[in-house]
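Breakdown of the fold
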Amino acid sequence: MSSSSAASGISPIADAAPLSLCAREPFVPADRLVAEMVPPPRFDSVRFATYIPDPNQPSQTAAVGVLETFAAGLGGAHAATAKRGFLGFSKSRAPKAPAGPRGVYLDGGYGVGKTHLLASLWHATPAEPALKAFGTFVELTNLVGALGFQKTVQTLSGHRLLCIDEFELDDPGDTVLVSTLLGKLVDAGVALAATSNTLPGKLGEGRFASVDFLREIQGLSAHFRSLRIDGDDYRHRGLPEAPKPFNDEQVTKAAYANAGASLDDFPHLLAHLAKVHPSRYGALTDGLKAVCLTDVQPIPDQSTALRLVVLADRLYDREVPVLASGLPFDQLFSEEMLNGGYRKKYFRAISRLTALARDAKSLVETA
């Protein structure tokens, strides 16, 4: 039991004490990393038809049309198969690979629905799930680390499509690694789709990153068509303000009242995240129905902040509500952080945690 729950004197209401993220140190085998390269639960049922464009932003409607056409163009033979000959046909009789760029880049600020559109592209591409891969940039680099570069090329080269969400432009080493990987996959006939963050030091110049992205992937830029998606963060479009934090007693009571909820002291959780590789943060949340946090405080440093961003992304992907006491989530990051190179990541984390906090309000009402 956490110190906060002991201090509150609350007796367990559920059959068992809450789970604890701090008690988990998951191991993720390489085959699971490959198998999980599909859209996360939050985006499992999204489709182009469920994307609701902002009527004031025509670029959103236009992007849907372009992506639908792109997906339809991937329905033929795998490009590499077409080049080699297909089922014994001669090269001249083999089905032709789709014409035009083999990649598309979704360029826009946070909250305009880029991940929704990227996942919709994955779902719309006429190929078996085993021939399509979807993952974040971090998950892709983790896959290379687990399998090795050549094995990763072999594993993905038979795919029809690879979708990369949140391409990290702020790590030169990993950017070169993934760019090299993508070059091999393009040569093998794999179609690509990506979104990205913004380079440190560039955020003051606007929210869009296509110039940075196309430069950083070096020789691959000719393979990508850039789609700019304007708009405001949909998570706050017409929605009420973020709910105020609850007190420790309310959070603890809710954790005990809701089966599958975790309960952790926020500072202790931040310390624990430093012991778990970010590639395992998804596994860290396995089976959770809710995350309850007491004593939310300002993030002490940038390394800790970036780890929290990854956890927030995994919780959001898995639609795990977050109930918290202490500071509201829009006060997690210092002014220096919010004005620095990773500003976009921090605002995305605030946006997503705020959405999950709204989802968590019912936990208190049922406790």
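If you're wondering where the values come from, they're calculated on a predicted model, not measured in any experiment. (Residues numbered from 1 in each chain as written. Predicted model: local features only at pLDDT ≥ 70, side-chain atom pairs only at ≥ 80, totals over all residues. Heavy atoms only, no water.)

1. Brief notes about unusual backbone geometry
A positive phi angle, close to 60°, is found at E166, a residue other than glycine. Looking at where E166 falls in the secondary structure, it is placed in strand β3 (residues 161–167). Under the relative-accessibility criterion, E166 is labelled buried at 11%. A positive phi angle is found at E319, which is not glycine, with a value near 55°. Locating E319 in the fold gives a position in the loop between α13 (302–317) and β8 (322–326). (Helix = DSSP H or I, 4+ residues; strand = E, 2+ residues; numbered from the N terminus. Buried < 20%, exposed > 50% of the residue type's maximum accessible area, 1.4 Å probe, protein only.)

2. What about the packing of aromatic side chains?
A full pass over the atoms with the stated rule returns 2 aromatic pairs. Centre to centre, the rings of F137 and F167 are 4.7 Å apart; their planes meet at 50°, and the pair counts as tilted. Separated by 30 residues along the polypeptide, F137 in helix α6 (residues 137–147) and F167 in strand β3 bring together distant segments of the chain. The ring of Y316 is capped by R42, whose NZ or CZ atom sits 3.8 Å from the centre of that ring. Geometry around W122 places K132 over its ring, the cationic atom sitting 4.2 Å from the centre. (Phe/Tyr/Trp six-rings, centres within 6.5 Å; stacked < 30°, edge-to-face > 60°. Lys NZ or Arg CZ within 6 Å of the ring centre and 35° of its normal.)

3. With respect to the environment of F43
One can find F43 in the loop between α2 (30–35) and α3 (58–72). Taking the C-alpha atoms as reference points, F43 and S120, separated by 77 residues in sequence, lie 8.1 Å from one another. Sequence-distant contacts of F43, defined by excluding residues within four places in its chain, comprise T115, H116, A119, H123, Y316 and D317. (Contact = heavy atoms within 4.5 Å.)

4. As for the environment of A305
Structurally, A305 can be placed in helix α13. In the structure, A305 is positioned 41 residues away from Y346 in sequence and 7.8 Å away in space, judged by C-alpha atoms. Excluding residues within four positions of it along the chain, A305 makes contact with I299, F333, M337 and Y346.

5. Some thoughts on the nonpolar core
In terms of nonpolar packing, the biggest core is built from 62 residues, with L117, L121, I299, L332 and F333 touching the most fellow members. The element best represented in this core is α13, accounting for 8 residues. Once residues within four sequence positions are removed from consideration, L332 is found in contact with F266, V296, Q297, P298, I299, L308 and L353. Membership of the second largest hydrophobic core comes to 27 residues, among which are L156, L181, F224 and A283. (Core = buried A, V, L, I, M, F, W, Y, C linked by side-chain atoms within 4.5 Å.)

6. Brief notes about α6
Residues of α6 that are buried include every one of F137, L140, T141, N142, L143 and V144, and no others. Buried residues along α6 sit against α2, β2 (132–136), α7 (149–156), β3 and α8 (172–187). Looking at the residues trailing α6, positive phi occurs at G148, about 95°.

7. Some remarks on the side chain of Q60
Topologically, Q60 is positioned in helix α3. We classify Q60 as buried; its relative accessible area is 0%. Among the polar contacts listed, one links the side chain of Q60 to the side chain of Y51, at a separation of 3.3 Å. Reaching out from Q60, the side chain makes a polar contact with the backbone nitrogen of D54 at a distance of 2.7 Å. (Polar contact = N/O pair within 3.5 Å; in protein donor to acceptor, adjacent residues only side chain to side chain.)

8. Things to note about the side chain of H116
Note that H116 resides in helix α5 (residues 114–124). At 3.4 Å, the side chain of H116 forms a polar contact with the backbone nitrogen of Y51. Apart from the residues lying within four places of it in its own chain, the contact partners of H116 are F43, V46, R47, T50 and Y51.

9. With respect to the confidence of the model for the protein
Of the residues in the protein, 81% reach a pLDDT of 70 or more, and the chain-wide mean stands at 83. Predicted confidence is poor over residues 79–99, with pLDDT under 50, and the contacts of this stretch with residues over four places away or in other chains come to 20 contacts. (pLDDT = per-residue confidence, 0-100.)

10. Observations regarding α8
The end-to-end C-alpha distance of α8, which contains 16 residues, comes to 23 Å, matching closely the 22 Å that a straight helix rising 1.5 Å per residue would cover. Within α8, the full set of buried residues consists of T175, V178, S179, L181, L182, G183, L185 and V186. G189, located one to two residues past α8, shows a positive phi value of around 95°. (Expected span 1.5 Å × (residues − 1).)

11. Observations regarding the sheet that holds β2
The 5 strands lie next to each other as β2-β3-β4-β1-β5, forming an open sheet whose pairing is parallel. If you trace the sheet from one side to the other, it starts and ends with β2 and β5 (224–229), each paired once. Strand-to-strand twist in this sheet, taken as the mean axis angle between neighbours without regard to direction, amounts to 15°. Pairing analysis gives 4 bridges linking strand β1 (residues 103–108) to strand β4 (residues 191–196), with the strands arranged parallel. (Pairing = 2+ DSSP bridges. Axes fitted to C-alpha atoms, helices over the stretch in contact; angles between N-to-C directions.)

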